[in-house]
Amino acid sequence: MDHNVNIKDIIINKEYTLLECYRLLNDTGERILVCLEDGRLMGIIMDSDLRRGILSGIKLEDKIATVINPHPVVATSDMSKNAILALMKEKSVDPVPVVDKEGNFVDLYRMNELLRSIDLPNSAVIMAGGLGRRLMPLTKDMPKPLLRIGGKPIIEHVIRHIADCRIESFYITVNYKSDMIKKYLKDGQHLGVKITYLEEKKQLGTIGAISLLKNHAIEFPFIVMNGDILTRVNFRNLLEEHKSSGNPLTVCLRMYHYDVPYGVVDVHDGKVMGVSEKPEYDFFINAGIYCMSPELIEFIPSDSYYDIDMLINSFLSKGITIGTFPIDEYWRDIGNIKDFYGAKSDFQNGNIV
């Protein structure tokens with residue numbers, strides 16, 4: 001049930017009139033009312049039921065018996081959330097009342113709430129093995145993922161947001177000062193997740209560490225992202241887009257705007273063909289976040305340095321389609337000192353939404 005609305009506010013009885021129901025729906029902002037008698041579910045009324053009733057000539061002063069649906073699709077309290085979600089999709093109903101074995105009303109489930117509450121079988125791989133050279137001297141004694149933003153390490157922000165999308169299985173690739181990362185994150189239990197560490201014996205590039213998953217049973221598409229990215233991207237939507245596309249790889253993109261502070265001269269064969277005064281350009285850039293299907297793991301060479309551009313170019317040369325997922329939500333790549341303090345400022349000013 002939407003916790004912004006008290007469930008008691010949408011419960012009615014058979015003595016209600018259509019007018020009273022209209023007023024109740026307007027006051028609560030709801031589109032469903034639940035009719036009970038001694039706790040038992042007698043039926044439901046949707047806003048559409050009221051509209052159809054009025055159009056058919058039923059008066060606002062009439063009792064609800066003329067418009068109530070006495071046999072709605074219901075879920076039972078012994079059904080799992082997954083089973084209730086499947087029922088809602090099969091019957092194309094949303095929301096759905098939940099009753100116990102005696103027919104007593106227990107709760108009201110909405111599809112979007114169920115989707116948010118069900119843990120996904122997918123996993124996430126966080127690339128945290130980099131040296132963080134561009135953040136020196138901050139990374140001299142501490143790995144970049146443990147640098148603090150808003151009072152928490154960067155990697156904790158990453159894990160918590162992904163976990164908010166109901167992904168609880170994590171693989172963390174580590175190399176530089178790996179003991180410090182493992183000491184802080186441990187097995188992930190205090191964050192409500194399960195963490196498995198992938199040890200890079202040497203630097204394997206931006207995507208080479210994915211080859212270490214060959215020793216693990218990965219059955220579902222998984223998220224891959226750099227451990228120095230702060231974002232509020234909806235990972236459930238990313239997984240859904242990846243699944244529906246059928247592509248083995250989906251690359252997240254971010255629009256990048258660039259202002260050239262000079263006049264740009266178009267030259268051909270030593271001749272000026274035109275000039276643009278301080279032009280502006282928009283580009284799609286790689287956001288450092290990917291969704292990959294399990295079969296892709298076999299494409300990554302073992303124990304070898306391998307970057308994401310090498311994988312993408314290899315796919316393109318084979319005619320394999322690569323999907324895209326533009327990011328409109330907050331996103332910041334903490335690649336240098338300026339970005340690090342920019343992220344700190346974002347948190348202090350409440351700009352991360």
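Residues numbered from 1 in each chain as written. Predicted model: local features only at pLDDT ≥ 70, side-chain atom pairs only at ≥ 80, totals over all residues. Heavy atoms only, no water.

*Asks:* Would you mind going over helix α8 (residues 308-317) with me for this structure?
*Replies:* Note on helix geometry: an α-helix contains 3.6 residues per turn, so any two residues three or four positions apart are oriented the same way. Among all positions of α8, only Ile308, Leu311, Ile312, Ser314 and Phe315 are buried. For α8, the angular spread of the buried residues around the axis is 160°, confining them to a single face. Turned more than 90 degrees away from the buried face of α8, the exposed residues are Leu316 and Ser317. Check the buried side of α8 and you find it contacts β14 (249-259) and β17 (280-292). Gly319 occupies a position one or two residues after α8 and carries a positive phi of about 75°. (Buried < 20%, exposed > 50% of the residue type's maximum accessible area, 1.4 Å probe, protein only. Helix = DSSP H or I, 4+ residues; strand = E, 2+ residues; numbered from the N terminus. Arc of directions from axis to C-beta. Contact = heavy atoms within 4.5 Å.)

*Asks:* Would you mind going over the sheet that holds strand β5 (residues 96-99) with me for this structure?
*Replies:* Strands belonging to one sheet form pairs held by backbone hydrogen bonds; the direction of such a pair is parallel or antiparallel. Pairing within the open sheet is mixed, and its three strands lie in the order β4-β5-β6. One side of each edge strand has no neighbouring strand; the edge strands of this open sheet are β4 (75-76) and β6 (105-109). As paired strands, β5 and β6 are joined by four bridges and run antiparallel to one another. Paired with Pro97 across the two strands is Leu108, which belongs to β6. (Pairing = 2+ DSSP bridges.)

*Asks:* How should I be thinking about a nonpolar patch on the surface in this particular structure?
*Replies:* A cluster of nonpolar residues, Tyr256, Tyr258, Val264, Tyr281 and Phe283, forms a patch on the protein surface that exposes about 440 Å² of accessible area. Listed by contribution, the elements that provide at least two residues to the nonpolar patch are β14 and β17. Among the secondary structure elements, Phe283 is positioned in strand β17. (Patch = residues over 30% accessible without salt bridge, like charges linked within 9 Å, V, L, I, M, F, W, Y side chains within 5 Å. Areas by Shrake-Rupley, 256 points an atom, 1.4 Å probe, with all protein chains shown as cover. Salt bridge = Lys/Arg side-chain N within 4 Å of Asp/Glu carboxyl O.)

*Asks:* I'm lost on the packing of aromatic side chains in this one. Help?
*Replies:* One pair of aromatic rings is described through two measures. These are the centre distance and the angle between the planes. All told, the structure shown has three aromatic pairs when counted by the stated rule. With 5.2 Å between their ring centres and 75° between their planes, Phe340 and Tyr341 make a pair best called edge-to-face. The exposure class of Phe340 is buried, given its relative accessible area of 5%. Given a relative accessible area of 47%, Tyr341 falls into the partly exposed group. (Phe/Tyr/Trp six-rings, centres within 6.5 Å; stacked < 30°, edge-to-face > 60°.)

*Asks:* What's the story with unusual backbone geometry in this structure? I'm lost.
*Replies:* Working note: non-glycine residues mostly have negative phi, and peptide bonds are mostly trans. Of the consecutive residues Asp94 and Pro95, the connecting peptide bond is found in the cis state with omega at 5°. One can find Pro95 in the loop between α3 (81-91) and β5. Residue Pro137 is bonded to the preceding Met136 through a cis peptide linkage, with omega at 5°. One non-glycine residue with positive phi stands out, namely Asp38, at about 55°. In this fold, Asp38 is placed in the loop between β2 (32-37) and β3 (40-46). Its identity is not glycine, yet Lys177 carries a phi of approximately 50°, on the positive side.

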